[in-house]
Amino acid sequence: MGASVGLWCVAVLFGLGGLGLIFGRSPNSSRHIYTATLIVAVIATVSALAQLLAAATPSTVELPLGLPWIGAHFKIDALSAFFLCVINFAGAAASLYGIGYGRHEQEPQRVLPFFPAFLAGMNLVLLADDAFSFLVSWEFMSLASWALVMAHHRDPNNARAGFIYIVMASFGTMCLLLAFGLLAGPEGGYAFDAIRSHPPTPIFAGLVLFLVLFGAGSKAGLVPLHVWLPLAHPAAPSHVSALMSGVMTKVAVYAMVRIIFDLVGPVPAWWSIVILIVGAGTAALGILYAVMQNDLKRMLAYSTIENIGLIVIGLGLALAFRTDGLTGAAALALTAALFHVVNHSLFKSLLFFGAGAVLSSTGERGIERLGGLIHRMPYTSFAFLVACAAISALPPLNGFASEWLVLQSILLSPALPQWGLKLLIPAVGALLALAAALAAACFVRAFGITFLGRPRTLKAETANEVDRLSIAAMLSLAALCVLAGVLPGGVIDALGPVVQGLTGARMPAQLSVPWLSIVPIAESHSSYNGLLVLAMIAVSGSLVAFVIHRFASRALRRAPAWDCGFPDTNPATQYTPSSFAQPLRRVFGTFVFQARERVDMPAPGSIRPARFDVTLRDLAWDLIYSPIAKAVGYAADHLNQLQFLTIRRYLSLVFAALVFLLLVLASWA
């Protein structure tokens, strides 16, 4: 894919955004806009995939835009081509889903202009080859997604979500601006080639690391910068939530990889320690938050935090191995991280599509008010089940393949010379295993309470299956989750040029391995065959079914459902999401969530129902954001006096600020 093709796709997406602005209120505008976006996204995906598989020479384009002495540089290399594939494929799936889902939108004029613009902004970030173009594209992406979060702005919760999102997005952009300022140095070389040729001093490089973790990490959802995700993702329309959670967070991962692995140059070993600690904490806390949620989309948003943590762990491992010259292990860890980028974009988009289907059919997001949907929405249930199994890392689906590669790279950590890393990485592996187990519990709970059992409300009882295009989008992603898990070698080989460029090595060619197994380092160490696992599951399942039908009693016996001795079965007596999560809440909740349970039991003889309330707190809010908000309010109240200064004091203030800035500039030079 030449950079020019990518820019043309971006231009068409901007044009579609303009058409959405003009014709957004027309009856058929939704179908036409989403169809056109689907076509453009497919073209961009195919072109980027061709660039990636051919390992073609990077293509560059320079446009006379932006600052006069800089221009706008755009480039597509293996790294940007890979992320372009991920983003545009998910964008195509979301567009296909949106053709049907968009009919339920009450105010399409608030979504149609910004959906293609959001996709265009993400493409531009990946194509940018200088700091100015990158930051402008990053900010445009943030503003377009903010407009989509505010699509249903009349809901006060959505308005609050939009406010917090734009504050966090602005904070992230400011951090990245400072990071690029340090990378450019006093010479001000903002083109990425100029930054590569003049690596920063160790002190400035360390500052860049923290600024990138704050800037890109706030967009990715690293703990404790995650607070906007569980608010913004449920507020946006479901196909937009799929893009924000499954794709936009990957743009943030791209920013981390581009700066840390590419632009900064060689880095010390302590960088990987910081990244591993942040990634492990994010993975464990993200899934703990997810298990406690009763809102389906909010639960999925917290699950994204866990998966981002897993990806960051892979990046930290790759950086540790690369720093010590263990290029083979670095290639394995980076491949695992990028493979999980692909997988998360697939199953998280599918999960949000499923949540959107449930929402459009029942009007409910609360798991407490659902149940029994497997009979009313069989296709959605099947696709959602596949995604739940994939994100729970169950073989032979794609989530297992990438997490298995991460664990394989952890097993190589004894080769590292630093004792700090030797002690830290097994602890990270333990947290990763804990997160994987909690993820399985989380999605057993999500699927079981939502789709199994009996309907808890009339809306769930009268739900209907969604339209065919939405089902097609969900089933396509479900099929890819299976395909990428059964034949992961093709994905790993496709990642080879990206990994080679960043670590100096790549995993062995996997498609040439007999029986289509994947081999992380060598067959003598370990190997995995998804096709064989699938065959074993199919054969053993068929054998069990045959034995049961052949030898079990053929007599049909019907009996009332067991209901703890009560004669009348009631949907309210089923397992609830709160009761499902209670054991985990009591183990982890007291410390992590400051959980408090309160039972309001009526007096004997009273017919008033008993009440059971649980309160959970996000410590990030209590310890970080609430004090900052109070400090900002205090400062704003006092700085407000500046608008009443005399002209003499204004001039003095401006002069003092000018002197201060000149001193900073002189010190830096």
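Residues numbered from 1 in each chain as written. Predicted model: local features only at pLDDT ≥ 70, side-chain atom pairs only at ≥ 80, totals over all residues. Heavy atoms only, no water.

Draft legend 1. Quick peek at the overall build of the protein chain. Counting its regular elements, the protein chain contains 25 helices and four strands. Compactness check: the protein chain gives a C-alpha radius of gyration of 26 Å against a globular reference of 26 Å for 669 residues, within 12% of the reference. In terms of its C-alpha atoms, the protein chain occupies a principal-axis envelope of roughly 90 × 70 × 55 Å. Within the span of the protein chain, comprising 669 residues, buried residues form 53% of the whole. Carbon and sulfur atoms make up 69% of the accessible area of the protein chain, which amounts to about 29300 Å² in all. (Helix = DSSP H or I, 4+ residues; strand = E, 2+ residues; numbered from the N terminus. Rg over C-alpha atoms; globule rule 2.2 N^0.38 Å. Buried < 20%, exposed > 50% of the residue type's maximum accessible area, 1.4 Å probe, protein only. Areas by Shrake-Rupley, 256 points an atom, 1.4 Å probe, with all protein chains shown as cover.)

Draft legend 2. Spotlight on the layout of surface pockets. Looking at the largest pocket, its volume works out to about 780 Å³. Lining the largest pocket are 29 residues, with His 152, Asp 155, Asn 158, Leu 359 and Arg 365 sitting closest to its centre. Its residues assigned to classes, the lining of the largest pocket comprises nine nonpolar, nine polar and eleven charged. At the level of secondary structure, the elements contributing two or more residues to the lining of the second largest pocket comprise α2 (29–54), α3 (78–101), α13 (327–362), α19 (468–486) and α20 (488–494). When residues of the lining of the second largest pocket are assigned to their parent elements, the largest contribution, five residues, is made by α3. Looking at the lining of the second largest pocket, its residues break down into 17 nonpolar, three polar and no charged. (1 Å grid on protein atoms, 1.4 Å probe; cavity = no way out; pocket = protein on both sides within 12 Å on 5 of 7 lines; lining within 4 Å. Points joined across faces, edges and corners; volume = space filled by probe spheres on them. Nonpolar A, V, L, I, M, F, W, Y, C, P; charged D, E, K, R; others polar.)

Draft legend 3. Spotlight on a nonpolar patch on the surface. Judged by side-chain polarity, Leu 483, Leu 487, Leu 511, Leu 516, Leu 531 and Leu 534 come together as a nonpolar surface patch covering roughly 480 Å² of accessible area. Here Leu 534 lies in helix α22 (residues 530–551). Residue Leu 534 is classed as partly exposed on the basis of its relative accessible area of 33%. (Patch = residues over 30% accessible without salt bridge, like charges linked within 9 Å, V, L, I, M, F, W, Y side chains within 5 Å. Salt bridge = Lys/Arg side-chain N within 4 Å of Asp/Glu carboxyl O.)

Draft legend 4. Broad picture of the nonpolar core. Grouped together as the largest cluster of nonpolar side chains are 211 residues, with contacts concentrated most on Phe 82, Phe 134, Trp 138, Phe 180 and Met 244. For this core, the element with the highest residue contribution is α13, accounting for 21 residues. (Core = buried A, V, L, I, M, F, W, Y, C linked by side-chain atoms within 4.5 Å.)

Draft legend 5. Summary view of the packing of aromatic side chains. Per the stated rule, a full pass over the model turns up 22 aromatic pairs. Ring centres 5.2 Å apart and planes at 75° place the aromatic pair Phe 14 and Phe 140 in the edge-to-face group. Residue Phe 14 is found in helix α1 (residues 3–23), and its partner Phe 140 is found in helix α5 (residues 131–149); the two are separated by 126 residues along the sequence. According to the relative accessible area criterion, Phe 14 is partly exposed, its value standing at 32%. Of the aromatic side chains, those joined through ring pairs into one cluster are Phe 134, Trp 138, Phe 180 and Phe 192. Sitting over the ring of Phe 551, Arg 550 keeps its end group 5.4 Å from the ring centre. (Phe/Tyr/Trp six-rings, centres within 6.5 Å; stacked < 30°, edge-to-face > 60°. Lys NZ or Arg CZ within 6 Å of the ring centre and 35° of its normal.)

Draft legend 6. Representation of the pattern of salt bridges. A complete count under the given rule lists 15 salt bridges for this structure. Two residues, Arg 598 and Asp 613, come together in a salt bridge whose shortest N-O distance is 3.1 Å. Taken as a pair, Arg 598 in strand β3 (residues 596–600) and Asp 613 in strand β4 (residues 611–615) lie far apart in primary sequence, 15 residues in all. Two residues, Asp 613 and Arg 611, come together in a salt bridge whose shortest N-O distance is 3.5 Å. Judged by its relative accessible area of 22%, Asp 613 falls in the partly exposed class. A cluster of three or more residues bridged by salt bridges with shared partners is formed by Asp 77, Asp 193, Arg 196, Arg 258 and Asp 262.

Draft legend 7. Spotlight on the environment of Arg 456. If you trace the backbone, Arg 456 turns up in the loop between α17 (419–451) and α18 (458–461). Expressed as a C-alpha distance, the spacing of Arg 456 and Gly 372, which sit 84 residues apart in the sequence, is 8.0 Å. Reaching out from Arg 456, the side chain makes a polar contact with the backbone oxygen of Leu 370 at a distance of 2.9 Å. (Polar contact = N/O pair within 3.5 Å; in protein donor to acceptor, adjacent residues only side chain to side chain.)

Draft legend 8. Structural context of the packing of α3 against helix α10 (residues 238–263). Between α3 and α10, the shortest axis-to-axis distance is 9 Å and the interhelical angle comes to 175°. It follows from the interaxial angle that α3 and α10 lie roughly antiparallel. In this structure, α3 contributes Leu 79, Ser 80, Phe 83, Ile 87, Ala 90, Gly 91, Ala 94, Tyr 97, Gly 98 and Tyr 101 to the contact, and α10 contributes Ser 238, His 239, Leu 243, Val 247, Lys 250, Val 251, Val 253, Tyr 254, Val 257 and Arg 258. For the contact of α3 with α10, the residue count by class is 13 nonpolar, five polar and two charged. (Axes fitted to C-alpha atoms, helices over the stretch in contact; angles between N-to-C directions. Parallel < 35°, antiparallel > 145°, perpendicular 65-115°, else oblique. Contact = heavy atoms within 4.5 Å.)

Draft legend 9. Expanded view of helix α21 (residues 496–503). With six of eight residues buried, α21 lies mostly within the body of the structure. The complete set of buried residues in α21 reads Gly 496, Pro 497, Val 498, Val 499, Leu 502 and Thr 503. Residues of α21 that are buried in the fold lie against α2, α3, α10, α12 (296–323), α13 and α20. Downstream of α21 by a residue or two, Gly 504 has a phi angle that is positive, lying close to 85°.

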